[in-house]
Amino acid sequence: SRKKTGPEYFTMSAAGVTHICPNVPSQFIRLGEWWRQSSLFNTLRMIPFFKKYLQHKTYTLWNSNVRYRKYSGIRNKLTKKLFLSKRSFCSTLLELNRQCYELTTARCLSYSTKHTYTIEEFAETQVQQRQVATKSFEVTIDKIQSLLEKACEDVSSRVRPNEDKIPTEETSTRVNDKSKSMYQVRMETMARARALELARQEASMLPSLIRLADYMVVENLLLLILSSTAELYNLLMSPPKKTGLFLNTVSFGEAGIDIRPEDSDVTGMTTTITDLMVQAVCSVPRLLYMQNFKQLFKDLDISGPHLQEMVRSSLTFSRIREGINRIIHGDFAKCRDSAQQFIDFKMIHTFCNSFDVEAFANQDHVANARPIKREMLKLKQWGNELDRMKLTTITGIFHMDSKTLRNSLVGEKDKCLELMKTVLHTAAREAAVKVLNDFQLRIKNLTKKPANLKEFATFVEGKNSIEAEFKTLMAASSTVDDMYKLLGQFDVKIPPQEQVKLDDLHVIGQTFVEHLQAADGEIAQRMPSMSAQLDKNTQLVNEELLSMITALCSGPNVDATEEPSNVLEQLAETKETVDAIQDKITTFTGYQKLFRLIEYDYSNMTTVNELYDSRLQVWSALRSWEEQTQSWLVGEWSTLQPEEMLREHQVRLKEAVRMFKKNEEDGVAKRLKEWLEVWKAYMPTLVDLGNPALRPRHWKQIFDALGQPLHTTFTLDELMEWKIFDHKELVSEISGVASGEYALELQLEKVDAGWADMNFTVSPYREYKDVFILTSLDELFVQLEDHQAALQTMLASRFVMGIRDSVEEWDKRLALLSETLDEWLTCQRNWMYL
């Protein structure tokens, strides 16, 4: 409306826009131009800089003003509370900073780059250095304590005990009214009040000063620990290239090469050093807890930073220690790889440690002369290789010393070599004496003159043996000579008496050959006469064999009426004669082989052995069966086992039939066969009587048939007297009935056992806790039906008479159980449906 329109306004028409303003000429803008400017204006307003320009400018002014006010406030606070701005504390803080710097210059680590340490020596050096550093810490802390005490005393002395002592303007005027104006007095009073206020403010800052000093000490001690640990890390990272840092030695163990100390020992040592370094630094007295400053913290908390926890939680400290361990493990791995250059020397260590002096001394040195020579020359070669062995190897921080290993191997090698030379010298001396004696003994045997056939055979055998040993004896002589030559190579002195025996050994070989040729001539001269004597002895042995055949085929040996024991005694005597003849045959056959004659065929000896074995076998079987039947007849029947008796009889009958078929004219074999066939008829009845199912009621029936009262103990002989075999059909029938009854008893016992182990299963009914029902009765009903059917079958059997009462009792029980279960389940089912 017109009323709401201001003095300045715009009108819009189809031609354009008119801007009307009082006291100013109106401006007209064409509509297209106005639309273009309007679009440009809207576009510029969409640019973030112009869109948010006013807000950003307002915020920038506000932010700068706020930051300046905060800066001014902090500057004022620092001016009031900064220690360096206080004249009383400025010099003290500068001196305190210098003393704290002295703490960081203390050395907690000591080493020399020109010296190689054992880990024990290095650890001991660090202990001594920590003791020096601890004393330095104590001196520095004492200086800091004195400095802080002096500062506290200066500040406290400037604080008046009471404000009442401050002079007022009136008192000051009365005192100094003659010399000073009132204005001067008022200004001095205000200056003293400001000085007292400043002193009180500084006094209130003393606890903070002590805390600041303590924090500065803790900070510098922490820096000292980190710098010392970093120094150790840098030392391990760049160890002396010529000497290394830690000395380790090489030795041989069971698994291979052992290097001591190991990397775990070195890491343990460095960890211990850093831990003790932390412990030593943490033992420095804390300013906060000193007795002299305790009165400043009466109502204040005096807890401060825990240096040890700061160190343990320091990521830098942990990384440095991990870096130290990593360097040690890496250099030790390289050291272990470098130590593999000594693995070839382990064979020396193994040989020397496994060298058995006793076994070496007890062996046949003559037969093993070549292996001994190889071993001694090998030891000598090893000595040359040990002289070229590398003594030191620098690998990172480790100075690997192999000089100790070399000295140890040289000592072991020299010891083995000396033992070998001593034993070899003794063996050579003994072997020379032995070989010389062997030659002399064989020469003596070759010079003997045999008088009969036995001595001639012994002479020929000895000559052949000596001839076969000829090469061995000459080789032993040559070996002894080589042993002395080997001792000469190793500078072993040979005594004169041993040299004489060695010369005799060289000469006696030719003498031995001459005697061997003479023995060949003696044998060729006497061989015809000795061969004739051997043929005569062979004929005599053959005649003895023919007489022995005649004796075995006649007389008591083939008489079936003879007692077996008497015949066996005669056969034992015959065996001695046969063995004597066999010894002669063996001796004469050996002579024929020795003299290179045609061997005689002693076929009659084979016949004698076969006749003797057959006679011995049949008479032994007869006596054995006689003893066996006698033991059965007199033994108590309850101790006999008829099944075993039957098997024994069958085996013996089979053997007797075989012997009879081999020689049907042999009366002894026929007697044994007929005797066994008699017992063959007894065996079925005896097996029936041995039936384990027989009970006293069955035995009573048998004894009633024999016309005898029931006996608890009896023998087979007594049964045969009572004519038991006349009632074999009755015995067989009673035994069969007993077996049937026994089978039924076993079935009844099975029924009894099945129900003895049967349990009923009950389960809770739904959610009720105290209500149970019968479940899982399928197995029980199956067993019930099976056993009822079995009992009916047993009652229908003809063997049930002996146990009918028991079977009927069980049948009644199971019938009652079946009826009870049916009623129970019917009741349970009806109750569950309620």
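Report follows, based on the coordinates. (Residues numbered from 1 in each chain as written. Predicted model: local features only at pLDDT ≥ 70, side-chain atom pairs only at ≥ 80, totals over all residues. Heavy atoms only, no water.)

Focus on the nonpolar core
Rule in force here: Nonpolar cores are built from buried Ala, Val, Leu, Ile, Met, Phe, Trp, Tyr and Cys residues. Side-chain atoms within 4.5 Å join them into one set. Here's how the labels work: a residue is buried when its accessible area is under 20% of the maximum for its type, exposed when over 50%, partly exposed in between, all with a 1.4 Å probe on protein chains only. Helical segments are the DSSP runs of H or I of at least four residues, strand segments are the runs of E of at least two, and each set is numbered from the N terminus. Throughout, a residue-residue contact means that at least one pair of heavy atoms, one from each residue, lies within 4.5 Å.
Core analysis: the biggest nonpolar cluster contains 178 residues, and F137, L236, F246, F342, F595 and W637 have the highest contact counts within it. Per-element accounting of this core gives the leading share, 16 residues, to helix α15 (residues 403–446). Once residues within four sequence positions are removed from consideration, W637 is found in contact with P642, L686, L689, G690, W699, F714, T715, L716 and L719. V751, M758, I803 and W810 belong to the second largest nonpolar core, which has 16 residues in total.

Some remarks on the environment of P564
Here P564 lies in helix α19 (residues 564–595). A C-alpha to C-alpha distance of 172 Å links P564 and S181, two positions 383 residues apart in sequence. Excluding anything up to four places from it in sequence, P564 contacts W619, L622, R623 and E626.

Examining unusual backbone geometry
Note the cis peptide between R260 and P261, where omega equals 0°. Counting through the fold element by element, P261 comes out in the loop between β5 (257–260) and α9 (263–282). At N23, a position not held by glycine, the phi torsion is positive, near 60°. Mapping N23 onto the fold places it in the loop between β2 (16–21) and β3 (24–30). Classification of N23 by relative accessible area gives exposed; the value is 85%. A positive phi is found at K723, a non-glycine position, where the angle reads about 60°.

Side note on the sheet that holds β2
Put simply, the rule is: Between any two strands, at least two bridges found by DSSP are needed for them to pair. Under this scheme, a helix contributes an axis fitted over its contacting stretch, all axes are lines through C-alpha atoms, and angles between N-to-C directions fall in the 0 to 180 degree range.
Pairing is antiparallel across the open sheet formed by three strands, whose spatial order is β1-β2-β3. Strands with a single pairing partner mark the edges of an open sheet, and in this sheet they are β1 (9–12) and β3. Mean inter-strand twist for the sheet, computed between neighbouring axes without regard to direction, equals 20°. Where β2 meets β3, five bridges bridge the pair, whose relative direction is antiparallel. Its bridge partner lying in β3, G16 is registered against R30. Packing against the sheet, helix α1 (residues 31–46) makes contact with β1, β2 and β3, and its axis sits at approximately 85° to β3.

Some points on the sheet that holds strand β4 (residues 246–252)
Strand order in this open sheet of four strands is β5-β4-β7-β6, and the pairing throughout is mixed. The outermost strands of the open sheet, each flanked by one partner alone, are β5 and β6 (392–395). For this sheet the average axis-to-axis angle between neighbouring strands, irrespective of direction, equals 25°. Strand direction decides the pairing type here: β6 and strand β7 (residues 398–401), joined by four bridges, are antiparallel. Paired with T392 across the strands is D401, a residue of β7. Running at roughly 25° to β7, helix α11 (residues 315–339) makes contact with β4, β5, β6 and β7 of the sheet. Contacts between α15 and the sheet are confined to β4 and β7, with β4 contributing the most and set at about 30° to the helix.

A look at a nonpolar patch on the surface
Stated precisely, the cut-off is as follows: Here the term patch refers to residues with relative accessible area over 30% and no salt bridge, with like charges joined within 9 Å and nonpolar side chains (Val, Leu, Ile, Met, Phe, Trp, Tyr) within 5 Å. Residue burial considers only the protein chains on display, and all accessible areas are found by Shrake-Rupley using a 1.4 Å probe. In the sections that follow, a salt bridge refers to a side-chain nitrogen of Lys or Arg positioned within 4 Å of a carboxyl oxygen of Asp or Glu.
Taken together, the side chains of L44, I47, F49, F50, Y53 and L54 define a hydrophobic patch exposed on the protein surface, amounting to about 620 Å² of accessible area. Of all elements in the fold, only α2 (48–51) and α3 (53–81) reach the threshold of two or more residues within the nonpolar patch.

As for the packing of aromatic side chains
Filter applied, for reference: Aromatic pairs are defined between Phe, Tyr and Trp rings, using the six-membered ring for Trp, whenever the two ring centres lie within 6.5 Å; interplanar angles under 30 degrees are classed as stacked, those over 60 as edge-to-face, and all others as tilted.
By the definition in use, this model includes 19 aromatic pairs. Taken together, a centroid distance of 5.2 Å and an interplanar angle of 85° make the contact between F122 and F246 edge-to-face. In this pair, F122 is assigned in helix α5 (residues 119–157) and F246 in strand β4, connecting sequence segments 124 residues apart. Among the residues examined, F246 registers a relative accessible area of 0% and is labelled buried. Relative to F355, the ring of F351 lies with its centre 6.2 Å away and its plane at 35°, an arrangement referred to as tilted. Ring pairs connect the aromatic residues W625, W632, W679, Y682 and F725, which therefore count as one cluster.

A few points about the pattern of salt bridges
For the coordinates displayed, the defined rule picks out 23 salt bridges. Across the pair D275 and R321 runs a salt bridge, and its minimum N-O distance is 2.8 Å. You can see D275 sitting in helix α9 and its partner R321 sitting in helix α11, a full 46 residues away along the chain. The class of R321 is partly exposed, set by a relative accessible area of 22%. The residue K673 makes a salt bridge to E677 at a minimum N-O spacing of 2.7 Å. On the criterion of helical spacing, the pair formed by K673 and E677 is a turn pair, its members being four residues apart in helix α22 (residues 667–689). Residue classification places E677 among the partly exposed residues on the basis of a relative accessible area of 37%.

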